[in-house]
Amino acid sequence: MIPDTDFVLGSVHYVGGVDPYFKEFWDGKDFRKAIDCYLEQTLKCVRVHDDFNVLGHLTYVCKSVHNPLG
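A brief structural summary.

**Here's the deal with the overall build of the protein**
So, point 1. A tally of helices and strands in the protein yields 2 helices and 2 strands.
So, point 2. Overall, the protein shows an N-to-C arrangement of helices and strands of β-α-α-β.
So, point 3. Each principal axis of the C-alpha distribution contributes one length, and for the protein these read about 40 × 20 × 15 Å.
So, point 4. For the protein, buried positions account for 27% of its 70 residues.
So, point 5. Considering only residue pairs separated by 6 or more positions, the protein has 70% of its internal contacts joining residues 24 or more positions apart.
So, point 6. For the protein, the exposed area adds up to about 5,000 Å²; of that, 55% sits on carbon and sulfur atoms.
So, point 7. Side-chain charges in the protein split into 7 positive and 10 negative, and the spacing between the mean points of these groups amounts to 10 Å.

**Remarks on the nonpolar core**
So, point 1. In this structure, Val12, Val15, Val18, Phe25, Trp26, Ala34, Ile35, Cys37, Tyr38, Tyr60 and Val61 together form the largest nonpolar core, which totals 11 residues.
So, point 2. Looking at this core, the elements with two or more residues in it are helix H1 (23-26) and helix H2 (31-48).
So, point 3. Looking at this core, the element that brings in the most residues is H2, giving 4 residues.
So, point 4. Every residue in contact with Tyr60, bar those within four places of it in the chain, is listed here: Val12, His13, Asp19, Pro20, Tyr21 and Tyr38.

**Concerning the environment of Pro20**
So, point 1. Structurally, Pro20 is set in the loop between strand S1 (9-10) and H1.
So, point 2. C-alpha of Pro20 to C-alpha of Glu40: the two residues are 20 residues apart in sequence and 13 Å apart in space.
So, point 3. Pro20 has contacts with His13, Tyr14, Val15, Phe25, Trp26, Tyr38, Tyr60, Val61 and Ser64, leaving out every residue within four places of it along the chain.

**Let's talk about unusual backbone geometry**
So, point 1. Positive phi, normally seen in glycine, also occurs at His57, with a value near 60°.
So, point 2. Its place among the elements puts His57 in the segment after strand S2 (54-55).
So, point 3. Judged by relative accessible area, which is 39%, His57 ranks as partly exposed.

**So, the side chain of Thr42**
So, point 1. With respect to the element layout, Thr42 can be found in helix H2.
So, point 2. Polar contacts involving the side chain of Thr42 include one to the main-chain carbonyl oxygen of Tyr38, which spans 2.9 Å.
So, point 3. Filtering out sequence-adjacent residues up to four positions away, Thr42 remains in contact with Val12, Leu55 and Leu58.

Basis of the calculations
Residues numbered from 1 in each chain as written. Predicted model: local features only at pLDDT ≥ 70, side-chain atom pairs only at ≥ 80, totals over all residues. Heavy atoms only, no water. Helix = DSSP H or I, 4+ residues; strand = E, 2+ residues; numbered from the N terminus. Buried < 20%, exposed > 50% of the residue type's maximum accessible area, 1.4 Å probe, protein only. Contact = heavy atoms within 4.5 Å. Areas by Shrake-Rupley, 256 points an atom, 1.4 Å probe, with all protein chains shown as cover. Lys, Arg positive; Asp, Glu negative; His and termini not counted. Charge placed at Lys NZ, Arg CZ, Asp CG, Glu CD. Core = buried A, V, L, I, M, F, W, Y, C linked by side-chain atoms within 4.5 Å. Polar contact = N/O pair within 3.5 Å; in protein donor to acceptor, adjacent residues only side chain to side chain.

In structure tokens form, the structure reads like this:
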């Protein structure tokens, strides 16, 4: 754990250097591909980092106005 913290929330806000909230992330992807990219990045982060208590924002990728199902 990170010293001097009570609780650490882990989250993923960038995939391939792009924030899924913005149109650039969604360009050329259907909903399934976008979700798969986001969850694959999340899994990579979870496998590398063990210094958080809870993984949050799993639906962050769905909150974009550019989400085709939005």
